[in-house]
Amino acid sequence: MSNSILLLAPGPVQLHPKVQTILSMPMVHHRTPEFDLIFKSALDNLKFIFQTRQPAFMLSSTGTGGMECLLVNVLNPGEKVLAIINGKFGERWAEMAQAYGAEVIRYDIPWGQAASADEVKKYFEQHNDIKIVLVQACETSTATKNPIQEISTVVANTPALLLVDGITALGAYHIPMDEWKIDGLVGGSQKAFMLPTGLSFVCFSEKAWKKIKITKNRTYYFNIQNELAANLRGECLFSANVPLIRGLDYILHRMQHHGLTKHFSHIAQRANYTRSMAKIMGLELFSQSPSESVTALKLPPNVNGVKFRDDLEKKYHLTVMGGQDQLKGKIIRIGHMGYITARDLHETTLRLTRAFNENNYQMNLNEIDYQSKTLLEGQV
Ligand SMILES: Cc1ncc(COP(=O)(O)O)c(C=O)c1O
């Protein structure tokens, strides 16, 4: 087990051991030749993760700051924004657009279901002046994957821009920015990058850059034109988060060394394992469109979800997430990103089983132990 407390939340995640070492290294200043090299290397290699030829950026902010950066650099007050909402983070982006003076049109979808590209097309038929579409690649609150490629096919045929919150997708599964014609994509360090919270990553398409140039600037910290100018000089605009960027540089090299396909397949394997075990345990998936990065499982009706999670934390030292808002107490969400070994997966299953047995849902621990080992055979 890599930690005595097992952290299998959909972010923050267990850190890569090498990252833990890097984080304890002596500090260097961010305006030094030593840091310049790391900064340049990390910026160049980020493009590989976005699968783009456009400049990629890192910001000292959480993911929400990255969402704000994408939005505020392309939105003029009063413009129409179509917000695709199938969970808590969709709600957040719609609220943000409203706060920046957009006219927000909501495409509300029941939680657990994915967006439909055909429906998006209908919104464009009703409103030919939509300027921006907002969507989560993976809506983490419901562990639901949205069909980004299909949606981008619709949006790319219009003058509107497609902004995608890829905070639990970028680095976790295939989401090629250029090939899929995504206009703005954001990721977060505390997810597939195996780092602590504190960096967000953003990238804009050529189509988006044209809009940036004609958008009334309403941000100081997130002004992407100023950030680009600084980056082209080999500098960051403001003080950089040196420890995290050093960790990022290591992770990006590692991802390149292994290749994205292999990196993604490890995450997908954990998702497959979790779903197979859930079936054996008699637990149903919540989402109708499950994501590789996180799985949501419905709790049996006789299990008190709040107490169950409390037991997991206090007695079993296992952090998985519960449901938010309307799903509070009804689901648990298990993350597949981060540094997770096969032993961690097995141990997670055993701790869950013990906690279920104490919370009105009986399972045979020996049988679960055997089935889990069989599924994990050959994995490290
Ligand atoms: C899809 C999605 N969007 C946005 C966020 C917000 O990111 P942060 O908490 O880093 O601001 C999260 C965080 O879990 C997320 O999963």
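The structure presented is a predicted model; accordingly, all values stated were derived computationally and were not measured.

Turning to the pairing of strand β14 (residues 331–335), a few remarks are in order. With five of its five residues buried, β14 lies for the most part within the structure. Sheet analysis places strand β11 (residues 294–298) next to β14, joined by five bridges and oriented antiparallel. Residue V294 lies in a different strand from β14, and its bridge partner there is G335. Of the strand pairs in this sheet, strand β13 (residues 321–322) and β14 are connected by two bridges, and their pairing is antiparallel. Bridged to G322 within β14 is I332.

Counting buried residues along strand β8 (residues 161–165), five of its five residues qualify, which places the element largely inside the surrounding structure. Burial along β8 is two-sided: L161, L163 and D165 facing one way and L162 and V164 facing the other are all buried. In the sheet, strand β5 (residues 130–136) pairs with β8 via five bridges, with the strands oriented parallel. Paired with Q136 across the strands is D165, a residue of β8.

Each assigned domain of the protein is listed here: domain 1 (6–12 + 259–376) and domain 2 (23–257). Distance from the C-alpha centre of domain 1 to the C-alpha centre of domain 2: 28 Å. Domain 1 puts 26 residues into the contact, and the matching count from domain 2 is 25 residues. Elements supplying a minimum of two residues to the side of domain 1 that touches domain 2: α10 (260–280) and β11. If one sorts the elements of the side of domain 1 that touches domain 2 by residue count, α10 sits on top with four residues.

For the rest of this paragraph, the subject is helix α4 (residues 88–99). Compared with the 16 Å implied by 1.5 Å per residue over 12 residues, the 16 Å span of α4 between its first and last C-alpha is a close match. Among all positions in α4, only F89, G90, W93, A94, M96 and A97 are buried. Projected down its long axis, α4 carries its buried residues within an arc of 160°, all on one side. Residues of α4 that are exposed and point more than 90 degrees away from the buried face comprise E95 and A99. In the core, the buried residues of α4 are packed alongside α3 (63–72), β3 (80–85), β4 (103–108), β5, β6 (138–139) and β8.

Looking at the ligand, the residues that line it are G11, T62, G63, T64, F89, Q136, T140, D165, I167, T168, G188 and T197. Split by residue class, the shell around the ligand holds two nonpolar, nine polar and one charged.

This paragraph deals with unusual backbone geometry. For the bond from G11 to P12, the omega torsion is -5°, close enough to zero to count as cis. In this fold, P12 is placed in the loop between β1 (6–7) and α1 (17–23).

Among the structural elements, I84 can be located in strand β3. For I84, a count of 25 C-beta atoms within 10 Å translates into the label buried. Taking the C-alpha atoms as reference points, I84 and I224, separated by 140 residues in sequence, lie 24 Å from one another. Among residues more than four places away in sequence, those in contact with I84 are G90, Y107, A115, V133, L134 and V135.

Time to look at the sheet that holds β11. Reading across the sheet, the three strands line up as β11-β14-β13 and stay open at both edges, with antiparallel pairing between neighbours. This sheet does not close on itself; its edge strands, each paired only once, are β11 and β13.

Turning our attention to the packing of helix α2 (residues 33–50) against helix α9 (residues 242–258). Angle between the axes and distance between the axes: these two values describe a pair of packed helices. The contact between α2 and α9 brings their axes to 9 Å, and the two run at 45°. It follows that α2 is oblique to α9 by the angle criterion. Relative to α9, α2 is oriented so that their crossing is left-handed. Between α2, through F35, I38, F39, S41, A42, N45, L46, F48 and I49, and α9, the contact on the second element is made entirely by V242, I245, R246, L248, D249, L252, H253, M255 and Q256. Its residues assigned to classes, the contact of α2 with α9 comprises 12 nonpolar, four polar and two charged.

The rules behind these values
Residues numbered from 1 in each chain as written. Predicted model: local features only at pLDDT ≥ 70, side-chain atom pairs only at ≥ 80, totals over all residues. Buried ≥ 20, exposed ≤ 12 C-beta atoms within 10 Å, placed from the backbone. Helix = DSSP H or I, 4+ residues; strand = E, 2+ residues; numbered from the N terminus. Pairing = 2+ DSSP bridges. Domains from an automatic or database assignment. Contact = placed C-beta atoms within 7 Å. Expected span 1.5 Å × (residues − 1). Arc of directions from axis to C-beta. Near = placed C-beta within 6 Å. Nonpolar A, V, L, I, M, F, W, Y, C, P; charged D, E, K, R; others polar. Axes fitted to C-alpha atoms, helices over the stretch in contact; angles between N-to-C directions. Parallel < 35°, antiparallel > 145°, perpendicular 65-115°, else oblique. Left-handed = near helix turned anticlockwise from the far one by under 90°.

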